[in-house]
Amino acid sequence: MTHQRQTLRSLDDLIASGAVDAAQGHALKPVVERFQVAVTPAMLGLMARDESGSVAQGDALAAQFLPDPREAMVAAEELADPIGDEAHRPLPGLIHRYEDRVLLQPTHVCAVYCRFCFRRETVGPENGTLSDAQLQAIYAYIAARPQIFEVILSGGDPLVLSARRLRAIVAAIAAIDHVKVIRLHTRVPAVDPARITPELVQALKWRGATYIVLHVNHAQELAPAALSASAMLVDAGIPMLAQSVLLKGINDDATTLETLFRTLIANRIKPYYLHHGDLAQGTGHFRTSIAEGQSLMRNLRGRLTGIAQPAYVLDIPGGHGKVPIGPTYVHDCAHGLEIEDPDGARHSYPPKPQG
Ligand SMILES: *Cc1c(COP(=O)(O)O)cnc(C)c1O
Ligand code: SF4
């Protein structure tokens, strides 16, 4: 195996690197023609290999980043816009679904393309990066709405932008007095940690609070380089949270999730959301049932420190927003309420405050 220096972006690249078996090339053609592909050297280097040097079947990183023939199978319930972004888009590059926060997509490019991506129909270079005029229109929209407290930079992945471009975006947002928080959703600290430079960290500092939400699904993604990149951000005063997607065959067991959440919290990254898989096209092989997700959350409740517990959430198809869908511990019964403890035993609780 040679050390890969560049991001793999085509089927030929994947075959040449041993990531994909040449015999599979034919079945993968329709998939790579339809959906973006990118695998960074950092992620390729962490994939397990078998004796022949090929990427091992069932590897948690291979399953997330290498195209799979099953992506060509689109189920009837799967949607091109699974979370309803288009229903709340006042301007190109801006989604305004909740009153107090907007989601700004300065670029649609990502460092890697996740096979289960909920925005898989729009990510990639053809939708490109916003022009200055488009950004100015977005800043004017935000400036005109004092209820906007937070600007979320998402995409795509905002940390593929240069430090110079990020500094300009942060400065423009900082000039709008009523915005107090900038949040970035990114995979870069883990999948391309070399991008986290002192210059980039400095570009994210402003008068308000910056938060980074790292998208990470398996502890295997958190190699030493990823943890050092994250530590640079946290040391600079940028709190980090993590969001994960529940993925069949990758992290849908309690031990894998526990290891992921412990690794995160031990490295000052707070697990924030565990997303139920969205109804994105060609992603059925990744989805669990909601009952399975609830059972995993219930399993973690007793055994994992509370600060490492994320909320299990669903982004309701159609643009209706995200809501917690975790297990309930409150049960109605004849005498009032029963509250279930982490071991499954129920305890009665008075239905109304006394007096
Ligand atoms: C997920 C999302 C947010 C952020 O939601 P939080 O619950 O605050 O994390 C904001 N806007 C849009 C359009 C989203 O999809
Ligand atoms: S990094 Fe995020 S937006 Fe980009 S492909 Fe992965 S899930 Fe989709």
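Residues numbered from 1 in each chain as written. Chains lettered and ligands numbered in written order. Predicted model: local features only at pLDDT ≥ 70, side-chain atom pairs only at ≥ 80, totals over all residues. Heavy atoms only, no water.

Student: So what's going on with the pairing of strand β4 (residues 181-186)? Residues and values would help.
Tutor: Successive side chains on a regular strand alternate, one facing one side of the sheet and the next facing the other. Counted residue by residue, β4 has 6 buried out of 6 residues, so it is predominantly covered. A two-sided burial pattern is seen for β4, the buried positions comprising Val181, Arg183 and His185 on one face and Ile182, Leu184 and Thr186 on the other. Both strand β3 (residues 150-153) and β4 contribute to a ladder of 4 bridges, which runs parallel. Among the inter-strand pairings, Ile152 is bridged to a residue of β4, identified as Arg183. As a crossover connection, the stretch from β3 through helix α6 (residues 163-174) into β4 is right-handed. (Buried < 20%, exposed > 50% of the residue type's maximum accessible area, 1.4 Å probe, protein only. Helix = DSSP H or I, 4+ residues; strand = E, 2+ residues; numbered from the N terminus. Pairing = 2+ DSSP bridges. Right-handed = clockwise from strand over helix to strand, strands pointing away.)

Student: Report on the site of ligand 1, specifying residues and quantitative values.
Tutor: Surrounding ligand 1, one finds Ile83, Ile95, Arg97, Tyr98, Arg101, Leu103, Ile152, Arg183, Tyr272, Tyr273 and Lys322. Side-chain polar atom of Arg97 to an oxygen atom of ligand 1: 3.3 Å apart, as the coordinates give it. Between ligand 1 and the protein, one listed contact pairs an oxygen atom with a side-chain N or O atom of Arg101 at 2.7 Å. Burial of ligand 1 by the surrounding chains reaches 92%, relative to a free accessible area of 390 Å². (Near = heavy atom within 4 Å. Polar contact = N/O pair within 3.5 Å; in protein donor to acceptor, adjacent residues only side chain to side chain. Areas by Shrake-Rupley, 256 points an atom, 1.4 Å probe, with all protein chains shown as cover.)

Student: Which residues make up the environment of Pro158, and what are the values?
Tutor: Within the secondary structure, Pro158 sits in the loop between β3 and α6. Each C-alpha atom, one on Pro158 and one on Ala80, is 22 Å from the other, the two residues being 78 residues apart in sequence. If we ignore the near neighbours within four places in the chain, the residues touching Pro158 are Pro106, Thr107, Leu153, Leu166, Leu184 and His185. (Contact = heavy atoms within 4.5 Å.)

Student: Which residues make up the packing of aromatic side chains, and what values go with them?
Tutor: Under the criterion given, the structure shown has 2 aromatic pairs. Ring geometry for Tyr272 and Tyr273: centres 3.8 Å apart, planes at 20°, overall stacked. Tyr273 gets classed as buried once you look at its relative accessible area, which sits at 18%. Positioned above the aromatic ring of Tyr98, the side-chain terminus of Arg101 is 3.9 Å from the ring centre. Its end group placed over the ring of Tyr329, Arg298 keeps NZ or CZ at 5.3 Å from the ring centre. (Phe/Tyr/Trp six-rings, centres within 6.5 Å; stacked < 30°, edge-to-face > 60°. Lys NZ or Arg CZ within 6 Å of the ring centre and 35° of its normal.)

Student: Can you break down the pattern of salt bridges residue by residue, with the values?
Tutor: Side-chain pairs of opposite charge can arise where the charged atoms are in close proximity. Under the criterion given, the structure shown has 18 salt bridges. Linking Asp235 and Arg268 is a salt bridge whose minimum nitrogen-to-oxygen distance equals 2.9 Å. Of this pair, Asp235 sits in helix α9 (residues 224-235) while Arg268 sits in the loop between α10 (254-266) and β7 (269-275); the two residues are 33 residues apart in sequence, bridging distant segments of the chain. On the basis of relative accessible area, Arg268 is assigned to the partly exposed category, the value being 44%. Through salt bridges with shared partners, a single network forms among Glu71, Arg115 and Arg120. (Salt bridge = Lys/Arg side-chain N within 4 Å of Asp/Glu carboxyl O.)

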